[in-house]
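Commentary on secondary and tertiary structure
Spelled out from the first residue to the last, the chains are:
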Protein chains: 6
Amino acid sequence: MKKVVTFGEIMLRLSTERHLRFIQAKSFAASYGGGEFNVSVSLANYGIDTEFVTKVPDNDIGACTVKEMRKLKVGLDHTAFGGDRLGIYFLETGAGTRSSKVVYDRAHSAFATTEPDDFDWEVILKDATWFHWSGITPAISEQAAQQCLVAIKTAHKLGLKISCDLNYRSKLWKYGKEPHEVMPELLKYSHVILGDIDTAYFMLGENKVEPNYQDEATLPNLYDVIFEYCPNLEMVATTLRYSISASHQRIGGILYNGNTIYKAAIKEVTPIVDRVGSGDAFMGGLIYGLMTYKTDLQRTIDFSAAACCLKHTISGDYNLVTKEEIEDLIKGNATGKVSR
Amino acid sequence: MKKVVTFGEIMLRLSTERHLRFIQAKSFAASYGGGEFNVSVSLANYGIDTEFVTKVPDNDIGACTVKEMRKLKVGLDHTAFGGDRLGIYFLETGAGTRSSKVVYDRAHSAFATTEPDDFDWEVILKDATWFHWSGITPAISEQAAQQCLVAIKTAHKLGLKISCDLNYRSKLWKYGKEPHEVMPELLKYSHVILGDIDTAYFMLGENKVEPNYQDEATLPNLYDVIFEYCPNLEMVATTLRYSISASHQRIGGILYNGNTIYKAAIKEVTPIVDRVGSGDAFMGGLIYGLMTYKTDLQRTIDFSAAACCLKHTISGDYNLVTKEEIEDLIKGNATGKVSR
Amino acid sequence: MKKVVTFGEIMLRLSTERHLRFIQAKSFAASYGGGEFNVSVSLANYGIDTEFVTKVPDNDIGACTVKEMRKLKVGLDHTAFGGDRLGIYFLETGAGTRSSKVVYDRAHSAFATTEPDDFDWEVILKDATWFHWSGITPAISEQAAQQCLVAIKTAHKLGLKISCDLNYRSKLWKYGKEPHEVMPELLKYSHVILGDIDTAYFMLGENKVEPNYQDEATLPNLYDVIFEYCPNLEMVATTLRYSISASHQRIGGILYNGNTIYKAAIKEVTPIVDRVGSGDAFMGGLIYGLMTYKTDLQRTIDFSAAACCLKHTISGDYNLVTKEEIEDLIKGNATGKVSR
Amino acid sequence: MKKVVTFGEIMLRLSTERHLRFIQAKSFAASYGGGEFNVSVSLANYGIDTEFVTKVPDNDIGACTVKEMRKLKVGLDHTAFGGDRLGIYFLETGAGTRSSKVVYDRAHSAFATTEPDDFDWEVILKDATWFHWSGITPAISEQAAQQCLVAIKTAHKLGLKISCDLNYRSKLWKYGKEPHEVMPELLKYSHVILGDIDTAYFMLGENKVEPNYQDEATLPNLYDVIFEYCPNLEMVATTLRYSISASHQRIGGILYNGNTIYKAAIKEVTPIVDRVGSGDAFMGGLIYGLMTYKTDLQRTIDFSAAACCLKHTISGDYNLVTKEEIEDLIKGNATGKVSR
Amino acid sequence: MKKVVTFGEIMLRLSTERHLRFIQAKSFAASYGGGEFNVSVSLANYGIDTEFVTKVPDNDIGACTVKEMRKLKVGLDHTAFGGDRLGIYFLETGAGTRSSKVVYDRAHSAFATTEPDDFDWEVILKDATWFHWSGITPAISEQAAQQCLVAIKTAHKLGLKISCDLNYRSKLWKYGKEPHEVMPELLKYSHVILGDIDTAYFMLGENKVEPNYQDEATLPNLYDVIFEYCPNLEMVATTLRYSISASHQRIGGILYNGNTIYKAAIKEVTPIVDRVGSGDAFMGGLIYGLMTYKTDLQRTIDFSAAACCLKHTISGDYNLVTKEEIEDLIKGNATGKVSR
Amino acid sequence: MKKVVTFGEIMLRLSTERHLRFIQAKSFAASYGGGEFNVSVSLANYGIDTEFVTKVPDNDIGACTVKEMRKLKVGLDHTAFGGDRLGIYFLETGAGTRSSKVVYDRAHSAFATTEPDDFDWEVILKDATWFHWSGITPAISEQAAQQCLVAIKTAHKLGLKISCDLNYRSKLWKYGKEPHEVMPELLKYSHVILGDIDTAYFMLGENKVEPNYQDEATLPNLYDVIFEYCPNLEMVATTLRYSISASHQRIGGILYNGNTIYKAAIKEVTPIVDRVGSGDAFMGGLIYGLMTYKTDLQRTIDFSAAACCLKHTISGDYNLVTKEEIEDLIKGNATGKVSR
């Protein structure tokens, strides 16, 4: 089987434990993650060959990310080394009525200051069958956005499937360009897009909409606008997420192929161990489903949503679950019986 | 802005972690707190100038409380040093059907053995605008009760607003006097009282009542009895607390100005990280609201109840949240979306 | 009061903390437990004299189990020492939609390789009034099954009450015999059996049934079949357990004396701190109730179910609660008010 | 073999970890210990039957001490329950040039406020062969000193061997009496005393001396003075302790039977894991040696000093080592080779 | 007493625990420190009024530094807020033959990008008596160097004493200037300089020297060259540091007033808990000594060196010891006897 | 460069922390290691391509070893899966006069019960240049010894260099054969042997000797006997290890090529963070040196001994240091200066 290449930033994540606030913390749990890396980890866990392309500093902290990729069986043959620093994000884990909080410290990172010849995309993508990127990369810096465009165009030229998770982060996009000035050019090569309809409209420069995902009949028209912008588009998916509190969500999903709406049933997710990366878990499930279940789109959206649910029970950025565990959950085995 | 002075005991809190029982604990998390100190911390977090008056032993353990006050921007210029020991309380954190458990080890503390000239109240209160005490202090010892009376009378003479949280603790009141022998004299100078109606009646020596807080129309008559005992009284507030389990409560609040009942909507609070100090968080919100929102009593009770809800998500005795976070919760942003 | 002897394996339990998966763990919490030992701990906590009979290796790890028994006031005068190793089980604690997971590493344990003269049952049981075993022991090895039979027959001869928790573990029973080839001979001496009806049928070699515990009227006929196999049987009990998720269960219980069905009301159990050993907590409550409350079978089943509920809030294998705490819960004091 | 009874206070010890200062600690390691209890633990580890007599409060914290005694196989049949609180001591562990620091919080403890009928010494001591006390008990309070005297006199009457560790603590002795007003009466029944010569002189009201333990020939005369005060005395021992730093000591010992000086060779002790209780470890070795090796006093002093050395490598108050480990060290196997 | 103002960067320090390498760490201990801040903490501990001037980002991580300053009684009235991020340094703690390792992640910090009007030095310094800076600040960035020069000139104009710790960090000085192009202009206003002679020569652009600090007679000539460059200079001091291993050093110190050499005796420092900040502890002692002991320069150098020794036993960047503890060490009380 | 294949058992290591004894441990640090795996990790760190051949159970605990190998860049293409369990060893870390203690729980492991067709050695070794085994494997079980012989013979046939670390473990060798019945046949194909002379003699069935490694002139004759038994032998090396205490060793090394003795200077190693695996670190350095420095045997033995020294500062079984760090130590940079 050919491989899936993902491209993005990997960061050091420093999180408080036991629901402490930043001001109370005497230590931070240290792990490594980032949207596109998290997708690669999901795929590696499902047995898909995957490569994560990034740039990290050539120091001990950068070396930690390399060990993490290797341990998780994520290919790292095209990692670029250099730059000043590894991006960091601080995470304060909320509970109940108090939301989790992220403080970004990712400015001036090795990835943000990527240079044109850090990556030789022809070489990187030549054995690949799928290229995945997200809306985080073009939000980081002008250079990252340009690198992303080169990658996408090369992937397109080589005939790869291209997927994008829109991933809008309001705290990024600081370098002088608005999403709608950058994203349309990047998105038009995509075959698969994951995102809320309103986010897609916002990034494409369309007027604001307030979709009602319960009212299924209204959705095709809304999704069709996205298809108009993206001539290669085959699928749009949306994670349905109803937040009751920082510790309780209801999760479902929608997949639309330009024709039919497929919905995954809503599942209760409580308590939440860690919700960061749950969207990436959905994306990982989506790519896996489309590659594996082919035309069985119902199975694909069920798999994506169940993967997303399980991620909420896993500490850290990425989804350490197996295909079998996800399929068990789809079958309804969520009752917590101890296997023994 | 002039400052709020609070008076009471600060203790070393030794709590088990991860829901362990005392018998299982190989270590205790160490922090510092006490009802009136917790109120001062809330106020300092909201930007109010505040001073906490207490007595601690002149040793390394006493010194830890001083660093805590300073760190939290709580004034400590009038701390008395001396006595044998710092009061301690041991806390075993419950879960679900198992309640939390407190073992007090506060007898013979520096504060309980306070001496008449430990505090010069004329000096302490001269720049203040508000004096806050609670029913814990007169429950600790005869000396503490007398010191409290001196403080209250001085505050009254100097024209300060005076507030009291009734805070009945059945494990205290061991020195030979019953609440109704001590509290009426102290309460009669209060402008603001926080407490359940039945607690107020009990402390004032009134007959037992069983108020139905759902039946709003019946409440004014019941509250009015308290007003009769306390000629200076302007406001009575009650925290509404429906306990489902050690991990789940429903929280609301009532504020009555002798005329109108103001109610804060009930909020679900689950899971509970730490419920100790949630009443103090309510009290802190109440003082802040009355000082800041003036006649907007609805806003005050909403602020108090929301502060109380958020406290349940914070580890430790006091409420480490900002005004902005409380106002976000009032607006309904309790959905746990990660800010990023 | 004469004592209760239990017989079974005690293992080292190595569990991940904070809901980590095995692959994420850099350390394991270490504790000691096993079904029948857990029953003895419950009984010791309720003030019943109890002895736990087992075999552990004669090394430092075996010595740890001895200290654990002594600390918990469980008699250990007949512990056998020898064999290669202490059985281990690894526990990964689930949350929400992810189940907990047990990996057994108990093959070749000291207990599994017990030899005929490890225990002198005439001596061990001579001061006892009750003998308790479970379906785990005959599942471990041929030798353990035979040792169990000797113990049961001796207990029968000496006129002890005999109880059994069926405890079916599909990951055991590896030595070449099926439950229905072994269990009927062992069960026929029992006075009290705890287990699901379908488990009992399976172990007795009966046809599969799907009992509906809600439909009370159908149960006596189903239970009566078990009575037919076991001529000494006086009581059958079943733990009712409705799993909503790994963090939420509803717990009740049924006790049938061949005549009348007694039911304990269903209680919500959430969040779950640790569900391992909750069946043993039920069993411990059952023995205590039958010994103490005699003919008051409603009180016995209420006590058993409430003990089981509380166990879910206790970390580790056994139930560190008092009689008083269980009785408080039966009275409805599950509201988590802090006692102070 | 008959048993050794020890009498004294057991405290909760709260210590900082990883050499943190009090002011830096967010948690305290919790353990339980006290001079005489520590001696009992040593003896239990060497296989001697032992009983520790004390008074603890009748609450959860007192219950923790009971579990500790039971776990360590120290008899607790005569524990008195009552009083306000368990004594506490806070320990800050030094390193190198910084000394460890103890903050006592033991005033008003259950033990300090012991009442005459807490203990029935005739019953307690009737099966015993040895009674051990230390200079800490009469330093705590008048009541404790009196209780100690009753115990000693009863032991004397019943013909027990009596040993005392002088254990001078300058931070105690606060109740109005000086050591020399109390100790001579208590010491005169002792058969064995452990202590520095200058401490003994100080407690007996003798003039100050500065013994030179290197100059062996001068010691008998100095020790003989102690013999004069104590008509029953058979042995005096002194721990030789040369402190290089908080992490490095040189340990030896002297035993004098009124006739001959026996010396244990000096051993290097570095690094020090925990030096608290190392004197108690010496004392435990001394009692064990005198009971076991009888007239082989060289072996006794070697055993005592080696036990003391090993204690410095054990975290906590008491000495968790075996006879075999001590004898290995005496033979010179201190080289740290891993046994495998 | 008037106050000491220090100026520099404060960083988040993320250190591995228990001697783990970066690659092994699953968490980092989080604390806050920086050379000049550490000096202020020392002074505050000795009772000197002190203010630390810095710039931190206006986010939760910056807020943590503010709480730290407040807790340690270091004035923070002139803290500037803004910029992208707080500087970070990662610390891997060595042992024995393995050195500790620092990875800086301080580029683009709020402090490095300080702007001219962040600080109004006339106001900041108007109540001060002493201004302290170090060679780290001009090494960070052009802006920081310029800000430093403005501060120094203002201090000079206002008649403050000015001290500098040369603190050469080879991993800094990346912005295009060499130390000798920047430092001479800054140093010429100094009254007190702390540093090795060769470092001073290097920074002043002098030829390389290899001073032999054992050969005391040769030192005045070497120091005198520094005096020639710095017309205001009154004192030069040097920390003597002989490293045996990462866990063992020998520490002494030299103070030269242009006339006489004062030496502090060499002390053994082992084991080392944390050597970071030991130079700052020396500097803090030096300022304190010069302010307090005036012409008693021997006492000043003894105090500086002993403070430096004790710092090696304290975890974290700054020196949490009292004057009394330092004086005890000078008197030779380094023997680690537990005070009790 | 062709690769080094190592063959042996990998175990789960469960160690107590902070010098706790087993009986005190409430948790165990979990890591993975084994003599031959540790050698592969060293080689991978030095940039050598390496493959570790082993057998682990096909469960979650076996999966942890696979992630560990992958993370450390140790090849695992020929791992066999199956068997009952992963071998475990428990480690109690000593200090000062108390030795570390290992309790093995490795009986019945997947590796010990290896079956003939678990490994296809022709395939495994076809790209390799070096095969390494140790005396642990033939000590585990008859099957392991036979598997080892097949591997050695295949390696010999394919012309690989073969090295052996004698690694005598008295607690193994339980299956009925003595070392001298097994080892000579295995050793005769070796080109490089690491071990003490007396261990070699013991394993070869020679008479006992007591070599004096200080007396260099006597060593060639003693080593030559080993050469006589092993016709392919080119080098013998011995780790010189003088144990002062569990926290302090002196480490050197000898390399003899049948002609000349090369000695590495003795280095002080204190404190010891973890001495397990220090022999494997020596072995890893030896293979690296022989492969890289060729005829420069002095450099090889210096590298081996310095690698061994540094291992004592690293927590866990294997040596996480770089070539550069080892070379720095050889040059004498052991002084613990912080690099910054």
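The name that an unreviewed UniProt entry assigns to chain A is Sugar kinase, with the source organism given as Winogradskyella immobilis. In its Sequence similarities (unreviewed entry) section, UniProt records this for chain A: "Belongs to the carbohydrate kinase PfkB family."

Focus: the overall build of chain A
When you go through chain A residue by residue, the secondary structure sums to eleven helices and 14 strands. Rg of the C-alpha trace for chain A: 19 Å, near the compact-globule value of 20 Å for 340 residues, within the 12% margin. Projected onto its principal axes, the C-alpha coordinates of chain A cover approximately 50 × 50 × 40 Å. For chain A, with 340 residues in total, the buried portion stands at 65%. Averaging the coordinates of the 37 positive side-chain charges in chain A and doing the same for the 42 negative ones gives two points 6 Å apart.

Description of the relation of the copies chain D and chain B
One copy of the chain maps onto the second through a rotation about an axis and a displacement along it. Between the two copies, chain D and chain B, the superposition gives an RMSD of 0.0 Å; the rotation angle is 180 degrees and the shift along the axis is 0.0 Å. The superposition of one copy onto the other is thereby described by a two-fold rotation axis. Proximity to the rotation axis, assessed at the C-alpha, singles out Phe28(D) in chain D; its C-alpha lies 2.7 Å from the axis.

Notes on the relation of the copies chain C and chain F
Superposition record for chain C on chain F: RMSD 0.0 Å, screw rotation 180 degrees, translation along axis 0.0 Å. Both copies present the same face, since 96% of the interface residues in chain C are matched by interface residues at the equivalent positions in chain F.

Describing the interface of chain D and chain B
Listed per partner, the contact involves 26 residues of chain D and 26 residues of chain B. Carbon and sulfur atoms make up 64% of the area that chain D and chain B hide from each other, which totals about 2,200 Å². For the chain D face of the interface with chain B, the top three residues by lost area are Ile23(D), Phe28(D) and Asp60(D), together amounting to 22%. At the surface where chain D touches chain B, the tally comes to four salt bridges. Across the pair Asp60(B) and Lys101(D) runs a salt bridge, and its minimum N-O distance is 3.1 Å.

Here's the deal with the environment of Thr292(A)
All names here are of chain A. Topologically, threonine 292 is positioned in helix H9 (residues 278-292). Spatially, the C-alpha atoms of threonine 292 and alanine 128 are 16 Å apart, while their sequence positions differ by 164 residues. A distance of 2.6 Å separates the side chain of threonine 292 from the backbone oxygen of tyrosine 288, its partner in a polar contact.

Notes on the interface of chain C and chain F
In this complex, chain C contributes 27 residues to the contact, which on the side of chain F involves 26 residues. With both chains or domains summed, chain C and chain F bury close to 2,200 Å², and 64% of this area falls on carbon and sulfur atoms. Connecting chain C to chain F are four salt bridges. For Arg85(C), the salt bridge identified is with Asp105(F), shortest N-O distance 2.5 Å. The interface formed by chain C and chain F includes ten residue pairs in polar contact (both at pLDDT 80 or more). The set of elements that each furnish at least two residues to the side of chain C that touches chain F consists of strand S2 (11-15), strand S3 (27-33), helix H2 (60-71), strand S7 (88-92) and strand S8 (101-105) of chain C. Here the side of chain C that touches chain F gets six residues from one element, more than from any other, and that element is H2(C). Note that S3(C) and strand S3 (residues 27-33) of chain F share three bridges and pair antiparallel.

A look at the packing of aromatic side chains
All names here are of chain E. What the rule picks out here adds up to 108 aromatic pairs over all chains. Taking the centre distance of 5.0 Å and the plane angle of 35 degrees together, the rings of tyrosine 288 and phenylalanine 303 count as tilted. Linking tyrosine 288 in helix H9 (residues 278-292) with phenylalanine 303 in helix H10 (residues 297-311), this pair joins segments that are 15 residues apart in sequence. Each member of the pair, tyrosine 288 as well as phenylalanine 303, is classed as buried.

Topic: the state of the cysteines
Two cysteines joined by a covalent bond between their sulfur atoms form a disulfide. Counted under the stated rule, the structure contains zero disulfides over all chains. The closest cysteine sulfur to the non-disulfide-bonded Cys64(A) is located on Cys64(F), 20 Å from its own sulfur. The class for Cys64(A) is buried, based on a relative accessible area of 5%.

Regarding the pattern of salt bridges
According to the stated counting rule, one finds 114 salt bridges over all chains in the structure shown. Of the charged contacts, one joins Lys161(A) and Glu234(A) as a salt bridge, the two residues approaching to 2.8 Å between their closest N and O atoms. Highlighted residues: Lys161(A) in strand S10 (residues 161-165) and Glu234(A) in the loop between helix H8 (219-229) and strand S12 (235-245), separated in sequence by 73 residues. The class for Glu234(A) is partly exposed, based on a relative accessible area of 32%. Note that Arg21(F) and Glu92(F) form a salt bridge whose closest N and O atoms lie 2.8 Å from each other. Of the two residues, Arg21(F) sits in the loop between strand S2 (11-15) and S3 while Glu92(F) sits in strand S7 (residues 88-92), which places them 71 residues apart along the sequence. Each of Arg21(A), Glu92(A), Arg98(A) and Glu325(B) takes part in a single network of salt bridges with overlapping partners.

Describing the sheet that holds strand S10 (residues 161-165) of chain C
Residues and elements named next belong to chain C. Taken together, eight strands build an open sheet; the order of strands is S4-S1-S9-S10-S11-S12-S13-S14 and the sheet is mixed. Here the strands that pair on one side only, and so sit at the sheet edges, are strand S4 (50-53) and strand S14 (261-269). Within this sheet the neighbouring strands show an average axis-to-axis angle of 15 degrees, counted without direction. Sheet topology note: the strand S11 (residues 192-194)/strand S12 (residues 235-245) ladder contains three bridges and is parallel. Across the sheet, residue leucine 194 finds its bridge partner in S12, namely alanine 237. Sheet strands touched by helix H5 (residues 142-157): strand S1 (3-7), strand S9 (128-134) and S10. Its angle to S9, the strand with the most contacts, is close to 150 degrees. The strands that helix H9 (residues 278-292) touches are S1, S9, S10, S11, S12 and strand S13 (248-256); relative to S12, the one it contacts most, it runs at about 150 degrees.

Observations concerning helix H2 (residues 60-71) of chain A
Residue and element names in this part refer to chain A. The terminal C-alpha atoms of H2 lie 17 Å apart, and with twelve residues this matches the ideal 16 Å at 1.5 Å per residue to within 8%. Counting buried residues along H2, ten of its twelve residues qualify, which places the element largely inside the surrounding structure. All of the buried residues along H2 are Ile61, Gly62, Cys64, Thr65, Val66, Lys67, Glu68, Met69, Arg70 and Lys71. Two or three places before isoleucine 61, at the start of H2, stands the capping residue asparagine 59, its side-chain oxygen 3.0 Å from that residue's backbone nitrogen.

Quick notes on the pairing of strand S3 (residues 27-33) of chain B
All names here are of chain B. Most of S3 sits out of view: six of its seven residues are buried. The pairing of strand S2 (residues 11-15) with S3 spans five bridges and is classified as antiparallel. Bridge pairing in S3 links methionine 11 to glycine 33.

Some words on the packing of helix H1 (residues 35-45) of chain B against helix H9 (residues 278-292) of chain B
All names here are of chain B. Contact geometry for H1 and H9: axes closest at 8 Å, N-to-C directions at 50 degrees. Taken together, the axis directions place H1 and H9 in an arrangement best described as oblique. Of the two possible hands of crossing, H1 and H9 adopt the one that is right-handed. Counted together, Gly35, Asn38, Val39, Ser42 and Leu43 of H1 and Asp280, Ala281, Met283, Gly284, Ile287 and Tyr288 of H9 form the full contact between these two elements. The residue makeup of the contact of H1 with H9, split by class, is six nonpolar, four polar and one charged.

A few points about the sheet that holds strand S4 (residues 50-53) of chain F
Residue and element names in this part refer to chain F. Read from one edge to the other, the open sheet built from eight strands follows the order S4-S1-S9-S10-S11-S12-S13-S14, with strand pairing classed as mixed. Each edge of the open sheet carries a strand with a single partner, namely S4 and strand S14 (261-269). Going across the sheet, the axis of each strand differs from the next one's by a mean of 15 degrees, ignoring polarity. Where strand S13 (residues 248-256) lies against S14, seven bridges are found, and the strand directions are antiparallel. Looking at S14, one finds that leucine 255 is bridged to tyrosine 262. The strands that helix H1 (residues 35-45) touches are strand S1 (3-7), S4 and strand S9 (128-134); relative to S4, the one it contacts most, it runs at about 165 degrees.

Reading the values: rules and limits
Residues numbered from 1 in each chain as written. Chains lettered and ligands numbered in written order. Predicted model: local features only at pLDDT ≥ 70, side-chain atom pairs only at ≥ 80, totals over all residues. Heavy atoms only, no water. UniProt positions renumbered as here; feature names shortened; annotations may be inferred. Helix = DSSP H or I, 4+ residues; strand = E, 2+ residues; numbered from the N terminus. Rg over C-alpha atoms; globule rule 2.2 N^0.38 Å. Buried < 20%, exposed > 50% of the residue type's maximum accessible area, 1.4 Å probe, protein only. Lys, Arg positive; Asp, Glu negative; His and termini not counted. Charge placed at Lys NZ, Arg CZ, Asp CG, Glu CD. Least-squares fit on C-alpha atoms with pLDDT ≥ 70 in both. Contact = heavy atoms within 4.5 Å. Buried area = accessible area lost by both parts, 1.4 Å probe. Salt bridge = Lys/Arg side-chain N within 4 Å of Asp/Glu carboxyl O. Polar contact = N/O pair within 3.5 Å; in protein donor to acceptor, adjacent residues only side chain to side chain. Pairing = 2+ DSSP bridges. Phe/Tyr/Trp six-rings, centres within 6.5 Å; stacked < 30°, edge-to-face > 60°. Disulfide = S-S within 2.5 Å. Axes fitted to C-alpha atoms, helices over the stretch in contact; angles between N-to-C directions. Expected span 1.5 Å × (residues − 1). Parallel < 35°, antiparallel > 145°, perpendicular 65-115°, else oblique. Left-handed = near helix turned anticlockwise from the far one by under 90°. Nonpolar A, V, L, I, M, F, W, Y, C, P; charged D, E, K, R; others polar.

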